[in-house]
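# Notes for the structure review
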Amino acid sequence: MAGFDTKQIWKVFFILLAITVLEFLIALTPALEGIRTDYKLAVNLTYVVLTLFKAFYIIAYFMHLKFEKINLIYSIALPPVFVIYCIVLVLYEGGYWNGIREENVTSNQKIEQVENHAPEHH
Amino acid sequence: MAHAATAHHDHQAGHGHDDHGHHHETFLSKYVFSMDHKMIAKQFLITGILMAFIGMLMSVIFRIQLGWPEGTYPWMETLLGKWGKGGKLSPEFYMGLVTIHGTIMVFFVLTAGLSGTFSNLLIPLQLGARDMASPFINMLSYWLFFVSTVLMLASVFVETGPASGGWTVYPPLSALPQAMSGSGLGMTLWLLSMTIFIASSLMGSLNYIATILNMRTVGMKMTRMPLTIWAFLCTAILGVLSFPVLLSAAVLLTFDRLFHTSFYLNEIYIAGAPLAQTGGSAILYQHLFWFLGHPEVYIILMPALGLTSEVIATNSRKPIFGYRAMIGSLLGISVLSFIVWGHHMFMTGMNPFLGNVFMILTLVIAVPSAVKTFNYLATLWKGSIHMTPAMLFAIGLVSMFISGGLTGIWLGNAALDINLHDTYFVVAHFHLVMGAASIFGMLAGVYHWFPRMFGRVMNARLGYLHFWLTLASAYMVFFPMHFIGMDGVPRRYYSFTEFEYMKPWLDLNKFISISAILGSVAQFVFLYNFFNSIFRGEKSGQNPWKANTLEWTAPMDVRLHGNWPGDIPHVYRWPYDYSVPGAVDDFIPQNVSDDELPEAARSVNREQTLAAEAANQEKKEEASTLAFSSLFSKLGFRKG
Amino acid sequence: MSTHSVAANEGKIWDGGNEPFGASYGKLMMWFFLLSDAFTFTALLLGYGALRFSALNWADPDVVFQSAPGIESGAPLVFVGIMTFILIMSSVTMVLAVEAGHRNSKSEVVKWMIWTVIGGAMFLGCQAWEWTHLFSEGASITKNPFAPELVPYIEKFVSQGMSHHEATLKAVNEIPHNYEFTSLFFTITGFHGFHVFSGVVINIVITINAMVGTYQRRGHYEMIEKVGLYWHFVDLVWVFVFTFFYLV
Ligand code: HEM
Ligand SMILES: [Cu+2]
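So, here is what we can say about the structure in this document.

## Some points on the pattern of salt bridges
- Under the defined criterion, the tally for this structure stands at 14 salt bridges over all chains.
- For R317 of chain B, the salt bridge goes to D586 of chain B, with nearest N and O atoms at 2.9 Å. Taken together, the positions of R317 of chain B in the loop between α9 (282–316) and α10 (323–337) and D586 of chain B in the loop between β4 (538–539) and α18 (599–635) put the pair 269 residues apart, joining distant regions of the chain.
- The closest approach of N and O atoms between E99 of chain C and R103 of chain C, which form a salt bridge, is 2.9 Å.
- Judged by its relative accessible area of 9%, E99 of chain C is buried.
- Note on R103 of chain C: relative accessible area 42%, which makes it partly exposed.

Here it is in structure tokens:
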């Protein structure tokens with residue numbers, strides 16, 4: 001059956017290993033500390049992209065999806081679109097809650113300030 | 001596990017022909033742990049009917065409270081014990097009843113009872129398969145469902161009462177046992193029951209999908225499948241993709257309850273003291289819940305739509321109008337249903353930008369819904385209509401679907417929803433479009449396929465009585481709710497007498513309650529008819545409705561596990577060849593090949609089919625333009 | 001099993017009497033089950049994402065996951081690296097078992113399945129070790145010793161003469177703090193661990209079946225393939241859990 005030869009399997013294994021090692025390097029190399037703090041979003045996106053690569057290799061080769069009939073490939077690969085939509089929306093929503101929390105914190109601080117200062121004015 | 005099923009299945013495929021007496025069937029293996037899809041369908045149906053009556057009687061009890069908030073009834077105390085002290089329903093139990101009523105109706109009756117029954121019965125029979133892909137998993141699916149119903153019913157009897165936060169069990173009410181009495185053990189049982197239900201539904205759906213893909217008989221192209229099957233397929237896909245999200249939501253909720261995490265809890269004060277559990281978000285639960293919840297309403301509706309397509313075409317003696325458009329709209333509805341869940345959350349404090357996204361997408365649902373409606377009407381148009389009870393109920397579905405669907409467009413508009421959310425208007429909307437419509441579809445299915453299940457027909461006179469009483473009472477109950485809702489009367493209130501502005505609605509509420517009781521009594525006509533006909537109904541013969549689909553070619557001997565003796569029929573045509581000019585009868589079953597037809601019918605038939613296809617295409621476009629233009633005018637863009 | 005109806009209608013794959021996806025119903029059900037399970041995990045991770053986005057501060061993974069057996073501290077992510085390696089490795093042995101199954105080589109199937117079971121068990125062992133370690137640091141499903149808002153308190157307690165460990169335990173027990181991080185961590189890795197555990201059990205069952213020749217008699221090793229799909233899926237989920245809990 002196509003796609004199931006031992007050489008191929010080990011090749012995929014080394015690809016996965018290499019990607020993981022790369023992730024570790026990004027996460028741990030001391031020289032990159034500055035980049036990690038300054039470009040946090042970009043670094044995180046890099047992780048996500050690398051993870052998606054790994055996912056691709058696992059699904060395509062280990063789970064053999066790449067060698068299945070095209071119909072099966074589509075019926076597995078398309079539904080996650082809904083998930084992506086959901087992720088985008090709900091993360092956006094999480095950011096919005098964050099804004100509300102921050103606002104609450106600052107307004108609480110203001111209230112505290114006012115309360116603390118109130119007696120002095122009288 | 002799976003391998004036992006496999007072996008069994010192979011056996012079926014190999015020896016389907018001489019199956020009686022081949023197994024040593026005991027009472028247990030035949031009626032209880034049966035792996036025959038026809039028996040499992042009956043099990044689902046009977047459990048579903050039972051649950052429907054339980055849910056209905058619950059609604060009668062709380063409707064009495066709503067209609068006569070001051071009244072006392074000694075029998076209430078006899079029936080409910082401490083929940084009915086002094087003959088009056090207690091507020092706690094009122095909430096419990098509303099919740100369990102909703103849960104039972106949504107999940108147990110209209111999800112399992114409807115889709116479970118008819119997917120099981122019709123998928124193998126209409127596709128020409130010996131049984132489900134995995135009869136064993138099918139059996140497991142029923143029994144898990146059964147266990148979950150038992151747990152849910154048991155929760156009604158616990159000391160502190162059943163879950164009481166509404167069928168959507170929003171936290172923090174549902175997350176904090178101290179929030180209300182029903183949030184104790186009752187809520188835990190609710191979650192347990194739902195988890196098992198999800199497993200059952202998943203097993204069922206996987207089986208339906210695998211069967212539809214792999215087990216069609218020779219010639220049964222996807223585009224020759226009856227619309228029922230298409231509906232079951234879409235339903236199963238929705239179930240497979242959305243129930244797991246509810247599972248996750250339930251897991252997190254369970255952890256909040258049992259391990260005091262705070263996934264859904266934030267800044268809560270109880271009697272002035274802050275709760276230690278903080279940092280989560282109750283809105284997160286709603287997102288997860290409605291990611292299931294919205295597809296769920298279509299999981300409920302779509303099988304009913306599928307059954308209706310079949311019943312209407314058969315009893316109009318006409319090809320279904322817009323076969324492909326019907327499939328397209330089912331697929332469209334399925335896709336849309338995953339991206340509009342937020343319309344249930346306009347008022348939660350969700351990010352307003354998301355509100356806009358959800359609003360626009362929600363209004364698009366009107367398009368496929370309108371396509372379906374137009375196609376039903378066009379199928380009826382100039383048909384030679386046979387008013388069987390099934391046909392009446394199918395037309396009833398169309399009526400309910402229109403009435404309830406229209407208000408959906410109001411609610412989908414975020415600005416209007418500010419006023420209407422959580423009022424009786426919403427109750428009216430979803431009871432018409434989902435509750436009544438799906439029940440009508442289910443009843444249409446029961447009347448239509450009763451012969452297929454029991455070899456007898458249900459009494460038609462009683463059927464007519466049942467239909468007219470049900471139709472009238474459904475409208476009498478739910479239509480007035482629109483007005484009450486528009487006046488701002490909230491749903492899930494125990495009593496309307498507390499606020500001055502609600503008092504004028506008291507009389508209307510009495511009217512609703514009386515209608516509800518009338519409607520409930522009418523269902524006993526059905527119950528009698530159903531059980532009486534099983535034993536004493538008129539024998540139906542092989543094909544009582546002169547339908548084209550394969551289930552009517554399989555022998556009515558229900559004991560035949562494997563469906564057809566000898567070879568499975570092959571399929572040569574789509575299922576809607578009714579009134580073909582030149583043919584001997586006004587219907588040509590799917591397993592009749594062109595060679596068996598008279599010459600005239602053969603050629604005309606082909607032209608006819610092509611013409612129908614072309615007309616369908618045209619009408620489909622017309623329908624969508626119509627829907628679009630109404631949508632645009634709704635949105636305020638007026639053309640020219 | 002997958003072949004009984006194919007012969008009937010070769011050629012047009014959607015015409016019925018056929019398997020349009022070229023896969024038996026069992027394999028299809030497994031695939032769609034995994035799709036469904038993927039939605040389950042996504043929903044959990046989605047909750048994680050939303051709550052993390054909404055939080056005003058969050059624990060730093062490099063600090064949380066610092067130790068491996070033998071190395072007390074200062075080795076960020078080493079241990080989880082080992083865990084990841086083990087799981088990927090066991091995925092590889094699983095594919096090798098599937099591949100051997102296609103050649104109907106019973107002895108090789110059994111060999112690779114045993115390796116897979118060992119890999120799974122090792123992963124579970126590692127996870128148990130990691131959890132125990134986190135518990136010992138004062139973490140639990142409702143206690144988060146890594147919450148940034150605890151840092152000043154810990155410093156205060158340390159300055160009062162406590163050891164860092166004692167100070168952390170005191171702070172985490174006494175000071176209200178945001179513990180979403182540990183709640184989510186234990187819930188999601190626990191849910192994943194539960195999947196690994198079920199996977200190991202199923203793997204053991206099919207290994208025994210393979211040993212006693214069940215699949216040899218059946219003439220094909222499709223069962224290994226189906227279970228293999230599940231096992232890779234568990235690996236797949238881990239890849240995401242790893243990224244979102246340990247890296248991001
Ligand atoms: C034209 C299509 C539809 C639109 C635009 C629509 C829109 C809406 C909106 C916006 C709500 C939320 C109201 C609120 O809580 O404030 C709602 C509630 C609901 N809809 Fe629809 N709907 C449509 C069709 C349907 C259909 C076909 C069904 C069922 C088969 C359905 C079932 C429900 C249910 C069950 C609820 C209430 C859930 C609850 O809060 O308990 N809707 N609908
Ligand atoms: Cu909805």
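Read on, since the account is not over.
## Quick word on the coordination of the iron atom of ligand 1
All names here are of chain B.
- For the iron atom of ligand 1, the protein contributes exactly one donor atom, H429 (NE2), at 2.1 Å.
- Separation of the iron atom of ligand 1 from the copper ion (ligand 2) amounts to 4.5 Å.
- Assignment of secondary structure puts H429 in helix α15 (residues 424–454).

## Thoughts on the environment of E551 of chain B
All names here are of chain B.
- Here E551 is to be found in the loop between β4 and α18.
- For the pair E551 and L122, spaced 429 residues apart in sequence, the C-alpha separation works out to 7.2 Å.
- If near-sequence neighbours (up to four positions away) are discounted, E551 is found in contact with L122, L125, Q126, W449 and R452.
- Within the structure, E551 has its side chain in polar contact with the side chain of T549 (distance 2.8 Å).
- A distance of 3.2 Å separates the side chain of E551 from the side chain of W552, its partner in a polar contact.

## Some details on the packing of aromatic side chains
- Applying the stated criterion across every chain yields a total of 81 aromatic pairs over all chains.
- Relative to Y246 of chain C, the ring of F65 of chain C has its centre 4.2 Å away and its plane inclined at 45 degrees; by these criteria the two rings are tilted. Note that F65 of chain C is positioned in the loop between α2 (61–64) and α3 (78–102) and Y246 of chain C in helix α9 (residues 222–247), a separation of 181 residues in sequence.
- Look at F65 of chain C and you get buried, because its relative accessible area is 6%.
- The lysine or arginine in question, K82 of chain B, covers the ring of W83 of chain B, its NZ or CZ lying 4.6 Å from the ring centre.

## Regarding the interface of chain B and chain C
- Counting residues at the interface gives 47 residues for chain B and 41 residues for chain C.
- Linking chain B with chain C are zero salt bridges.
- Taken together, chain B and chain C are joined by 11 residue pairs in polar contact (both at pLDDT 80 or more).
- Of all the secondary-structure elements, those providing two or more residues to the side of chain B that touches chain C are α1 (2–15), α7 (185–214), α8 (227–258) and α9 of chain B.
- Looking at the side of chain B that touches chain C residue by residue, the class counts come to 27 nonpolar, 17 polar and three charged.

## Thoughts on helix α5 (residues 91–127) of chain B
Residue and element names in this part refer to chain B.
- For α5, with 37 residues, the first-to-last C-alpha span of 50 Å sits near the 54 Å given by 1.5 Å per residue.
- In the structure, α5 departs most strongly from a straight axis at M105, where the bend amounts to approximately 30 degrees.
- Within α5, 35 of the 37 residues are buried, leaving the element largely enclosed by the surrounding structure.
- Where α5 terminates, the next one or two residues include G128, which has phi positive at roughly 75 degrees.

## Section: the coordination of the copper ion (ligand 2)
- Taken together, H294 of chain B (ND1), H343 of chain B (NE2) and H344 of chain B (NE2) make up the protein donors of the copper ion (ligand 2), found 1.9 to 2.1 Å from the metal.
- Mapped onto the sequence, the donors of the copper ion (ligand 2) take the spacing H-x48-H-H.

## Here we look at unusual backbone geometry
Residues and elements named next belong to chain B.
- Note that the residue after P171, namely P172, is joined by a cis bond; omega there is 5 degrees.
- Structurally, P172 is set in the loop between α6 (135–156) and α7.
- The phi angle at A271 is positive, at roughly 50 degrees, despite the residue not being glycine.
- Within the element layout of this structure, A271 appears in the loop between β1 (269–270) and β2 (273–274).

## Here we look at a nonpolar patch on the surface
Residue and element names in this part refer to chain C.
- On the surface, I114, W115, I118, M122, I204, I208, M211 and V212 cluster together into a nonpolar patch covering about 720 Å² of accessible area.
- Every element with two or more residues in the nonpolar patch is listed here: α4 (106–136) and α7 (180–211).
- Note that I118 resides in helix α4.
- Residue I118 is classed as partly exposed on the basis of its relative accessible area of 36%.

## Side note on the interface of chain A and chain B
- Contact with chain A, which involves 11 residues of that partner, is made by 22 residues of chain B.
- Interface area for chain A against chain B, summed over the two sides, is near 1400 Å², with a carbon-plus-sulfur share of 71%.
- The largest contributions to the chain A side of the interface with chain B come from F82, Y85 and W97 of chain A, which together make up 37% of the buried area.
- The interface formed by chain A and chain B holds zero salt bridges in total.
- Where chain A touches chain B, the interface holds five residue pairs in polar contact (both at pLDDT 80 or more).
- Residues that form the side of chain A that touches chain B fall into these classes: nine nonpolar, no polar and two charged.

Rules and cut-offs
Residues numbered from 1 in each chain as written. Chains lettered and ligands numbered in written order. Predicted model: local features only at pLDDT ≥ 70, side-chain atom pairs only at ≥ 80, totals over all residues. Heavy atoms only, no water. Salt bridge = Lys/Arg side-chain N within 4 Å of Asp/Glu carboxyl O. Helix = DSSP H or I, 4+ residues; strand = E, 2+ residues; numbered from the N terminus. Buried < 20%, exposed > 50% of the residue type's maximum accessible area, 1.4 Å probe, protein only. Donors = N, O, S within 2.8 Å, 3.2 Å for Na, K, Ca; no water. Contact = heavy atoms within 4.5 Å. Polar contact = N/O pair within 3.5 Å; in protein donor to acceptor, adjacent residues only side chain to side chain. Phe/Tyr/Trp six-rings, centres within 6.5 Å; stacked < 30°, edge-to-face > 60°. Lys NZ or Arg CZ within 6 Å of the ring centre and 35° of its normal. Nonpolar A, V, L, I, M, F, W, Y, C, P; charged D, E, K, R; others polar. Expected span 1.5 Å × (residues − 1). Bend = angle between axes of the 7 residues up to and from the residue. Patch = residues over 30% accessible without salt bridge, like charges linked within 9 Å, V, L, I, M, F, W, Y side chains within 5 Å. Areas by Shrake-Rupley, 256 points an atom, 1.4 Å probe, with all protein chains shown as cover. Buried area = accessible area lost by both parts, 1.4 Å probe.

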